[in-house]
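Commentary on secondary and tertiary structure
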Amino acid sequence: MEHIRTTKVEQVKLLDRFSTSNKSLTGTLYLTATHLLFIDSHQKETWILHHHIASVEKLALTTSGCPLVIQCKNFRIVHFIVPRERDCHDIYNSLLQLSKQAKYEDLYAFSYNPKQNDSERLQGWQLIDLAEEYKRMGVPNSHWELSDANREYKICETYPRELYVPWTASKPIIVGSSKFRSKGRFPVLSYYHQDKKAAICRCSQPLSGFSARCVEDEHLLQAISKANPVNRYMYVVDTRPKLNAMANRAAGKGYENEDNYSSIRFQFVGIENIHVMRSSLQKLLEVNGTKGLSVNDFYSGLESSGWLRHIKAVMDAAIFLAKAIMVENASVLVHCSDGWDRTSQVCSLGSLLLDSYYRTIKGFMVLIDKDWISFGHKFSERCGHLDGDPKEVSPVFTQFLECVWHLTEQFPQAFEFNEAFLLQIHEHIHSCQFGNFLGNCQKEREELKLKEKTYSLWPFLLEDQKKYLNPLYSSKSHRFIVLEPNTVSFNFKFWRNMYHQFDRTLHPRQSVFNIIMNMNEQNKQLEKDIKDLESKIKQRKNKQTDDILTKELLHSVHPESPTLKTSLCFKEQTLLPVNDSLRTIEGSSPADNRYSDYAEEFSKSEPAVVSLEYGVARMTC
Amino acid sequence: MEFAELIKTPRVDNVVLHRPFYPAVEGTLCLTGHHLILSSRQDNTEELWLLHSNIDAIDKRFVGSLGTIIIKCKDFRIIQLDIPGMEECLNIASSIEALSTLDSITLMYPFFYRPMFEVIEDGWHSFLPEQEFELYSSASGEWRLSYVNKEFAVCPSYPPTVIVPKSIDDEALRKVATFRHGGRFPVLSYYHQKNGMVIMRSGQPLTGTNGRRCKEDEKLINATLRVGKRGYIIDTRSLNVAQQARAKGGGFEQEAHYPQWRRIHKSIERYHILQESLIKLVEACNDQTHNMDRWLSKLEASNWLTHIKEILTTACLAAQCIDREGASVLIHGTEGTDSTLQVTSLAQIILEPRSRTIRGFEALIEREWLQAGHPFQQRCAQSAYCNTKQKWEAPVFLLFLDCVWQILRQFPCSFEFNENFLIMLFEHAYASQFGTFLGNSESERCKLKLQQKTMSLWSWVNQPSELSKYTNPLFEANNLVIWPSVAPQSLPLWEGIFLRWNRSSKYLDEAYEEMVNIIEYNKELQAKVNILRRQLAELETEDGMQESP
């Protein structure tokens, strides 16, 4: 590895991020081709994947050494002190190189080898089949059909090959409309509600400028509204703030003029753009990374970051969609500017509110594959997979996950998966360990031959699904049970488990969730044990009666037959230990010495063990 | 005085009741001496029974002859009554106003309440100081019970029985009492079995501007120190406030006179600052139209969570002195009846596993709040909707319950009780059919003859059928000290109290039930497995016997 000059530095200190008394751990830092590894004196390992590194900072030299601060995309922040400046400099330079790759081929996914053969890998990629998904929704049908217009990516490079459109939309209409839409992203089906016969469609903004029209585009929208046999009007939802949309008109883009389109109802929902979201998250992280943060600074920071306001805006837009379909039976067309950020958020979240399938583990994967991956959310740019334009990076997908988390908080029984599942997905959109999120659209992914050269994340998550199951999930609910979240502001809370994932001192010391999850597992095992025991008892009883019978027979006929004497061999089944291993009661193990942070009065340093072992399991999924 | 005089209109028909989460109900409104009752006289609708003492404030307005009374309760609920007829409405409103602000304690409902349940254990005798002391005395010969305050003469706000160092006689206690605010001489609050360290509490020393000292006081608190050990004095006021107190005759322990003690000043707010904080918080929570920025800034401006953080931090500090530094602690503020008790009782929650059980928590409230002389009657006279601001009203106890809830959230398996238990205590502290929270001190309770004339809350709560509602199904005794995180990210708003009437908790309740089901099912399965295994073992031995010749 040409970037690695120093592979091992000893006597490195890892500072506790929130300790006001500057607690630290001493250990050895290793630099590998894929990870930065810190092993402390208690042999605890902290693994940091190079791709997770968002920024590396070398601070001014201090008496104890050279501070190196690493911020990760999964919100881990580590603060090392390297004794020699020279070593620090080497590591700093290496990490700068290693964390920003210039070529896709240098990303971890292309070297990651989970020891699977080609057919297993291929099967993994086939786990999710979007054609199946559209079939499940009930398309094609008499109103919607599969269009082959984009089969060769000729009409729109950032769309998938297979698109569903109203059957009345002929190819010339599609071609005409695509020319009138940003990046050729013409209106297509995103979700079809079988019960209401209404659809969620998506596209990019029209190139309307101040007055331009396009007959084909108008036809296509009419075709969409006509594809709904119940309600003839449809909503066109522009997810941008009105001001932004108006500004776009000057650049020859803009939004639909209600006068030109028959039977549409136009609506702005005011979600801010990727740049606003990026700086909002930055502010949020700045605030909650402060040592000794006061309650007032926390809330005023939360407010001024605007983060929860943005989350609420996305949620409100999704609710608008769900209501249009459920209450008014109306189809909805959603767009923003290019139709791959806010549009993906709103369409996917809207579908999730409407269809309980997307609230299952498999269904959620399908949803991400459909509305995010296949419709060209630019994962590589938004997550900064390669050394590219930092202005393209934005936490759009993270916001989507956060909205889902808020829903799981309000509806604890509606989701098959748990918070860990959301966190794990978030981990992997940045890890570049699997091929799913590499590239910015399907065409690019095909060119990268991801299905041949990398693995899909989904089968690995499914294999591990025990970890991601919500023990309170009630699966009995009907498919079309709509979630109607309460969006009064007080329902939106700071997602500590995401933004402080690795700051264990901030978390509850006992997790009700884990206990219930384990108990649920244990119950399944106990049920099995009961069955086993019952059948053994039955066997025993039968055998006893048999024995009595045979004994009588034997005594009369063959008094000395040894063969019947072989007793069945029972193996004593060991039960799961119930109360010892499942519930780990934590109090104040000397390791978690929160107590030294209550007052400056006792600022003598104590050997602290910051538990960072979480990361290992995560990265070697 | 007869209640009938206050009830101008005892009954009105065709009244429409609006309340959170229920459809509007039309029915007959009745006023009794202690209750407001609305009954639709239909089988399937629940009746409303509201204690007048639970009413914090009322508003009335008229549209034509239809009057509307908005009743704001001390538990933060808001209900609305539409009453046809202006006169009826005015009568009802003024009756409610009069009945909900009775100034004589003996007219309160607890004096009229006749329990409909059989008292198995009289709660008035459940937590006697002598019994509590026995729990300590076995481990230590350094403490004794003193009856110096038997007639409430030495300290009106202390109970008749207190625990003091063995080496200090009653005569010295009398002298110390003259040197401490309200006569509240230092007494034992908590004894840490693990290392024999203690928490004591008192009122501020009356040093005044000329630095008065009291040898007996110094001797008393020094008597609690081991040889060569230092102790900590935690003053719950900022240094500035403590210095100002000297001008009014109060003050703090001077280093020169207490060389073995290190003083730490913390800043816990009191009185109207807390009451205003509560008013602002409830106002913010009740307004559903706030946009995100406004909600967050209102939440911040209420300062409620700042108070929570400050109280918890101070309690953690006290617990840290005891458990980590191996040093005894004396805690006081000004009177020693508010922030002092918040800190001593929370420190015990952190340090003492017993105080995290139902029984132990009840004992803690009895010992550290009721007998320690927290003036419940004054502090809980009004809640978040009061207009007449009195200096003595403050949600000190609610803040304590909120802090307990915060720790409970961080250690959800370490408490025998659940959130509902805390909510229940909050409700009864403000309005109750039981006598437990009446009065401001033991001496007042004695004079009121509460033990004879009213029922204790504990008599009711400790019935098995009631207890089951308050039991945490996840509880597993945890003998460790539990250190909560006090970072703002770890201290959320207590939704169960503050958003209780502002949003439906249907899905959360259902999920809780499901959780309970899983736990119950687990117990059932385990019991069944055990029976089956025994059965199988028996069959096997039988077989063995048959098979052996």
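Residues numbered from 1 in each chain as written. Chains lettered and ligands numbered in written order. Predicted model: local features only at pLDDT ≥ 70, side-chain atom pairs only at ≥ 80, totals over all residues. Heavy atoms only, no water.

**Brief notes about the nonpolar core**
Among the nonpolar cores identified, the biggest contains 260 residues, and F364 of chain A together with F76, F185, F361, L425 and F498 of chain B are the most heavily contacted of them. Looking at this core, you find at least three residues from each of domain 1 (4–102) and domain 2 (129–502) of chain B. Setting aside its immediate chain neighbours within four residues, F364 of chain A contacts L352, Y357, Y358, F400, L401, V404, F417, F421, L422 and I425 of chain A. In terms of nonpolar packing, the next biggest core, distinct from the first, is built from 28 residues, L38, L81, A93 and L102 of chain B among them. (Core = buried A, V, L, I, M, F, W, Y, C linked by side-chain atoms within 4.5 Å. Buried < 20%, exposed > 50% of the residue type's maximum accessible area, 1.4 Å probe, protein only. Domains from an automatic or database assignment. Contact = heavy atoms within 4.5 Å.)

**Quick word on the pattern of salt bridges**
Scanning all chains against the criterion turns up 60 salt bridges over all chains. Residue D371 of chain A is joined to R202 of chain A by a salt bridge in which the shortest nitrogen-to-oxygen separation is 3.0 Å. Of this pair, D371 of chain A sits in helix α11 (residues 361–374) while R202 of chain A sits in strand β11 (residues 198–203), and the two are 169 residues apart along the sequence. The two residues D371 of chain A and R202 of chain A agree in class, both being buried. Two residues, E495 of chain B and K493 of chain A, come together in a salt bridge whose shortest N-O distance is 3.6 Å. Residue E495 of chain B is located in helix α19 (residues 495–498), and its partner K493 of chain A is located in the loop between α17 (457–463) and α18 (496–499); the two belong to separate chains. Take E495 of chain B: its relative accessible area is 16%, and that puts it in the buried class. (Salt bridge = Lys/Arg side-chain N within 4 Å of Asp/Glu carboxyl O. Helix = DSSP H or I, 4+ residues; strand = E, 2+ residues; numbered from the N terminus.)

**Some remarks on the packing of aromatic side chains**
One pass over the structure, following the stated rule, counts 62 aromatic pairs over all chains. When the centroid spacing of 5.4 Å and the interplanar angle of 65° are considered together, the rings of F415 of chain A and F417 of chain A count as edge-to-face. Residue F415 of chain A shares its accessibility class with F417 of chain A, and that shared class is buried. Ring plane angle 55° and centroid distance 5.7 Å describe the contact between F421 of chain B and Y470 of chain B, whose orientation is recorded as tilted. One end of the pair, F421 of chain B, is in helix α14 (residues 419–430); the other, Y470 of chain B, is in helix α18 (residues 464–470), and 49 residues separate them in sequence. Judged by relative accessible area, which is 0%, F421 of chain B ranks as buried. With a relative accessible area of 7%, Y470 of chain B lands in the buried category. Grouped by ring-pair contacts, the aromatic residues F364, W372, F379, F397, F400, F415, F417, F421, F437, W458 and Y468 of chain A constitute a single cluster. The residue whose ring lies beneath R121 of chain A is Y455 of chain A, and the NZ or CZ to ring-centre distance is 5.9 Å. Note that R77 of chain B overlies the ring of W501 of chain B, its terminal NZ or CZ placed 4.9 Å from the centroid. (Phe/Tyr/Trp six-rings, centres within 6.5 Å; stacked < 30°, edge-to-face > 60°. Lys NZ or Arg CZ within 6 Å of the ring centre and 35° of its normal.)

**A word on the interface of chain B and chain A**
It is common to report an interface's size as the accessible area lost on association of the parts. Chain B puts 78 residues into the contact, and the matching count from chain A is 78 residues. Approximately 7,200 Å² of surface area, both sides summed, lies buried where chain B meets chain A, with 61% of it carried by carbon and sulfur atoms. In this assembly, chain B and chain A are joined by four salt bridges. Between D293 of chain B and R309 of chain A there is a salt bridge, with its nearest N and O atoms 3.3 Å apart. Secondary-structure elements contributing two or more residues to the side of chain B that touches chain A are β13 (261–265), α8 (292–302), α9 (304–323), α13 (396–410) and α20 (506–547) of chain B. Of all the elements, α20 of chain B adds the most residues to the side of chain B that touches chain A, at 25 residues. Classifying every residue of the side of chain B that touches chain A gives 39 nonpolar, 20 polar and 19 charged. (Buried area = accessible area lost by both parts, 1.4 Å probe. Nonpolar A, V, L, I, M, F, W, Y, C, P; charged D, E, K, R; others polar.)

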